[in-house]
Amino acid sequence: MGNLNTNLCGIELDNPVIPASGTFGYGLEFARFYDINCLGSFSCKGTTLEPRFGNPAPRIAEGNAGMLNSVGLQNPGIDHVISEEMPKMAEVFHKPILANVCGFSVEEYVQVAKKFDACDQVGWLELNISCPNVHGGGMGFGTSCESAAEVTAAVKAATRKPLIVKLTPNVTDIVSIAKACEEAGADGLSLINTVLAMRIDLNTKKPVLTNITGGLSGPAVFPLALRMVWQVYEAVSIPILGLGGVSSAEDVIEMMLAGASAVGVGAANLRDPFACKNIIEQLPAVMEKYGINDLKPIIGGAHHG
Ligand code: SIN
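All values derive from a computational prediction rather than experimental measurement.

A. Expanded view of the packing of helix H8 (residues 249–258) against helix H10 (residues 275–289). Where H8 contacts H10, the axes come no closer than 8 Å and their chain directions differ by 70 degrees. Here H10 runs roughly perpendicular to H8, going by the angle between their axes. Where H8 crosses over H10, the two elements pack in a sense that is right-handed. Contacts between H8 and H10 involve Ala-249, Glu-250, Val-252 and Ile-253 from the former and Ile-279, Gln-282, Leu-283, Val-286 and Met-287 from the latter. For the contact of H8 with H10, the residue count by class is seven nonpolar, one polar and one charged.

B. Quick peek at the layout of surface pockets. In this structure, the largest pocket encloses a volume near 840 Å³. Mapped onto the lining of the largest pocket, the elements with two or more residues apiece are strand E5 (66–69), strand E13 (214–217), strand E15 (262–265), helix H9 (267–271) and H10. Among the residues making up the lining of the largest pocket, the classes are represented as 20 nonpolar, 21 polar and four charged.

C. Region of the structure containing the pattern of salt bridges. Tallied over the full model, the rule gives six salt bridges. Among the ionic pairs, Lys-115 bridges to Asp-79, the shortest N-O distance being 2.9 Å. With Lys-115 in helix H3 (residues 106–117) and Asp-79 in helix H2 (residues 78–92), this pair connects stretches of sequence that are 36 residues apart. Judged by relative accessible area, Lys-115 falls into the partly exposed class, the value being 32%. Judged by relative accessible area, Asp-79 falls into the partly exposed class, the value being 46%. The closest approach of N and O atoms between Glu-281 and Lys-277, which form a salt bridge, is 2.9 Å. Placement of both Glu-281 and Lys-277 in helix H10 is noted, with a separation of four residues, approximately one turn of the helix. A relative accessible area of 24% means that Lys-277 is categorised as partly exposed.

D. Looking closely at the sheet that holds E5. With antiparallel pairing, four strands are arranged side by side in an open sheet as E4-E5-E13-E10. Of all strands in the sheet, those with a lone pairing partner are strand E4 (60–63) and strand E10 (195–197), marking the two edges. Going from strand to strand, the sheet's axes swing by 35 degrees on average, the running direction of each strand aside. By the bridge criterion, four bridges tie E4 to E5 in an arrangement that is antiparallel. By the bridge assignment for E5, Gly-63 is matched with Gly-66.

E. Geometry of the site of the ligand. Lining the immediate surroundings of the ligand are Lys-45, Asn-69, Val-71, Gly-72, Leu-73, Asn-128, Cys-131, Pro-132, Asn-133 and Asn-193. Within the contact set of the ligand, an oxygen atom lies 2.7 Å away from a backbone nitrogen or oxygen of Leu-73. Contacts to the ligand include Asn-193, whose side-chain N or O atom sits 3.0 Å from an oxygen atom. For the ligand, whose accessible area on its own is 260 Å², the fraction buried by protein is 92%. The pocket occupied by the ligand, as judged from atoms lying within 2 Å of grid points, is the largest pocket. In the shell around the ligand, the residues fall into four nonpolar, five polar and one charged.

F. Expanded view of the sheet that holds strand E14 (residues 240–242). Taken together, the seven strands give an open sheet; going across it, the order is E3-E15-E14-E9-E8-E7-E6, and neighbouring strands pair in parallel fashion. At either margin of the open sheet sits one strand with a lone partner, and together these are strand E3 (17–19) and strand E6 (97–101). Across this sheet, the average inter-strand angle for adjacent strands is 30 degrees, counted without regard to direction. Inspection of the sheet shows strand E9 (residues 188–191) paired to E14 by three bridges, in the parallel sense. Bridging from a neighbouring strand, Leu-189 pairs with Ile-240 of E14. Along the sheet, H3 contacts E6 and strand E7 (122–128); its crossing angle with E6, the most-contacted strand, is approximately 160 degrees.

Each value, and the rule that gives it
Residues numbered from 1 in each chain as written. Predicted model: local features only at pLDDT ≥ 70, side-chain atom pairs only at ≥ 80, totals over all residues. Heavy atoms only, no water. Axes fitted to C-alpha atoms, helices over the stretch in contact; angles between N-to-C directions. Helix = DSSP H or I, 4+ residues; strand = E, 2+ residues; numbered from the N terminus. Parallel < 35°, antiparallel > 145°, perpendicular 65-115°, else oblique. Left-handed = near helix turned anticlockwise from the far one by under 90°. Contact = heavy atoms within 4.5 Å. Nonpolar A, V, L, I, M, F, W, Y, C, P; charged D, E, K, R; others polar. 1 Å grid on protein atoms, 1.4 Å probe; cavity = no way out; pocket = protein on both sides within 12 Å on 5 of 7 lines; lining within 4 Å. Points joined across faces, edges and corners; volume = space filled by probe spheres on them. Salt bridge = Lys/Arg side-chain N within 4 Å of Asp/Glu carboxyl O. Buried < 20%, exposed > 50% of the residue type's maximum accessible area, 1.4 Å probe, protein only. Pairing = 2+ DSSP bridges. Near = heavy atom within 4 Å. Polar contact = N/O pair within 3.5 Å; in protein donor to acceptor, adjacent residues only side chain to side chain. Areas by Shrake-Rupley, 256 points an atom, 1.4 Å probe, with all protein chains shown as cover. Sits in = over half its atoms within 2 Å of the grid points.

Structure (structure tokens):
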């Protein structure tokens, strides 16, 4: 059997498959279906300082090859996550997790980061400057080099854990934002978050989502995400967690060839709770089919030679 191990910002993973933030909660619901310790890791739901109810429904819509969400960072707040969710999570998952850090000001990001920094099971902080569904925070920080760098530097100074900055595709030049984050101290980058999109209901002739717009994810965005991972890999020297529409073992290998050290799986979890488990189980056979014995050497492999 081939070697599935990889490394993300200095932490070894048994395999590259990481459920994406917002599609896996804190792991508990999925642990009822299978032993989630088969995962490389997972990224928890984006967490803010205070509890949030999120946006009003409807906040989910279908796309032709994917789905839209406008959840609006619903979460119980960092103190509840640490006191209630993390102890339960530790019972079912025994590896480091990514803590997805959200905020509406640099100070809020820093406060959330400091609280996660004190948690033993948090391996990495994933700085979410890319949520398209909130005003005054999220993607607002990730669409200019200056604000992306400012929040990256502030959070970097507040943590001892590897800092992975999650980027939005809703910009003209993702490479310049990626470079700004690297220069500001990011240890890694994750990309892409969802693509700003909308649907209109033909019966009501109004937008389906109460928030009007939402983030598109699922197979429709995979080639777009792959292109951005490719471009960012060419421009930075820090590791990339590649995600966006990944739904098969073949997609994982393609992402790694484009430059991803590990690969996030998002919308696929909502369609099939066993998606990540199935991808991990299928990886050895797909690797064998394409003559791959070891995943680490293929990272960025499509750029060379
Ligand atoms: C949301 O809660 O609206 C989605 C989270 C994200 O896109 O980062």
